[in-house]
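Here is how the chains run, residue by residue.
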Amino acid sequence: MMIKGHIHTFFSIIFAIAFIYGSMLCMNVILKQRQNAFLNESGVTTVQTPVKAWQELADNEADSYSKNDNSTEVLSSAQIKDAVDSWNNRSADVLHSPVKGQISMEEAIDNGKEWLKNMGVDGVTESYVDEKVVNEAKTGQGSLSVEADTVAYATLSYAITGTGDKQVELSKLAEPYNSFWTVQLEKTGINAVLYVNAVTGSVWGAELNEKYNSGEFKPDYNKIEKFWNLAGMESTDSDWLNVSEKDTKAIYESSAEPVYAVMNYKRHYMNTVVSEYTKEKKYIEYVTVEYRLETK
């Protein structure tokens, strides 16, 4: 009986060891499968140092591609086209910290505020901040700034286009001009999402959500030229503006650049507001104005 007891104990120990190692092996396989599935999905990925440090153009090349004073750095036509094309066709954003030659989060937010002023968009304090924004800032995926006039939130990322294997794309160092600061500015009556190129410091895309009293909103298609100039793009006498009021869309193009500007207006629903004092009904109209650069 004692021998049988020892044999039973021995095999119990062997079984327990085999079970533990088998469980560990299965868990590693499951984790590997989940990792591969995650890397193949579109979305947001965080990588510590995925971007090259900025190397400025040689003097003779920079002279050929010089921009106006709105650009803090100089990019060639090919680099501008590459940056706009990859950002517009991204399937995922890879979050990262700024590298040498890229502007800081504070500079991106300041540039965004200045851009709103130059575009004639302004407002006062917004008391509401999206809970998701606050949580992301707390977890280190974003930066939250609350000032007297504006609530600001910003993240820096570069684009993955989804044309190849995501693991391979993540293993390569991206060009610094392919990174953009996504800056969200909230004020009373307006919510702005701005896409600021991390090398030039210029706004190359924007989504402005504003509210107006019924009948107040008047489309101003001339603002697309202002957007073009603030983006640091070169203008010539042969530039042309095409406005389609029916489609509430405008296009600004210059022969000097490999990109062109697009501006869209979208009207949303009307909201009824009743005055607490006069009991008078007021109709509020919500409008989205979108600006972006596109490649030819």
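What counts and how
- Residues numbered from 1 in each chain as written.
- Predicted model: local features only at pLDDT ≥ 70, side-chain atom pairs only at ≥ 80, totals over all residues.
- Heavy atoms only, no water.
- Buried < 20%, exposed > 50% of the residue type's maximum accessible area, 1.4 Å probe, protein only.
- Helix = DSSP H or I, 4+ residues; strand = E, 2+ residues; numbered from the N terminus.
- Polar contact = N/O pair within 3.5 Å; in protein donor to acceptor, adjacent residues only side chain to side chain.
- Pairing = 2+ DSSP bridges.
- Core = buried A, V, L, I, M, F, W, Y, C linked by side-chain atoms within 4.5 Å.
- Contact = heavy atoms within 4.5 Å.
- pLDDT = per-residue confidence, 0-100.

Peer 1: Would you explain helix 7 (residues 223–230) in this entry?
Peer 2: Residue pairs three or four apart in sequence face the same way in an α-helix, which turns once every 3.6 residues. Those residues of helix 7 that sit buried are Ile224, Phe227, Trp228 and Leu230. Just downstream of helix 7 lies Gly232, where phi reads positive at about 85°.

Peer 1: Quick question: what am I supposed to make of the side chain of Glu257 here?
Peer 2: By the element assignment, Glu257 lies in the loop between strand 9 (249–253) and strand 10 (259–274). A relative accessible area of 3% places Glu257 in the buried class. One polar contact links the side chain of Glu257 to the main-chain amide nitrogen of Glu234, over a distance of 2.8 Å.

Peer 1: Quick question: what am I supposed to make of the pairing of strand 2 (residues 92–95) here?
Peer 2: For a regular strand, the rule is simple: side chains alternate between the two faces of the sheet. Side chains of strand 2 alternate between two faces, with Ala92 and Val94 and Asp93 and Leu95 buried alike. Two strands pair when backbone bridges link them, and strand 2 and strand 4 (residues 151–160) are joined in this way by four bridges, in the antiparallel orientation. The residue bridging Val94 from the neighbouring strand is Tyr158, located in strand 4.

Peer 1: Explanation requested: the environment of Glu290 in the structure shown.
Peer 2: Mapping Glu290 onto the fold places it in strand 11 (residues 281–295). Separated by 81 residues in sequence, Glu290 and Asn209 have C-alpha atoms that sit 8.8 Å apart.

Peer 1: Where do I start with the nonpolar core in this structure?
Peer 2: For soluble globular proteins, the rule of thumb is that nonpolar side chains tend to be buried together. Residues Trp115, Trp181, Leu194, Trp204 and Leu293 are the most contacted members of the largest nonpolar core, which totals 52 residues. It is strand 6 (residues 190–197) that provides the largest number of residues to this core, a total of six residues. Among residues more than four places away in sequence, those in contact with Trp204 are Leu75, Ile80, Ala83, Val84, Phe180, Tyr195, Asn197, Phe227, Ala231, Met233, Arg292 and Leu293.

Peer 1: I would appreciate a short explanation of the confidence of the model for the protein in the present structure.
Peer 2: As a note on interpretation, predicted positions should not be read in detail where pLDDT is low. A residue-level look at the protein finds 59% of positions with pLDDT of 70 or above and a mean pLDDT of 75. Confidence drops under pLDDT 50 across residues 57–73; counting only partners more than four residues distant or on other chains, this segment forms 35 contacts. Between residues 143–148, whose pLDDT stays under 50, and residues either more than four places distant or in other chains, the model counts 18 contacts.

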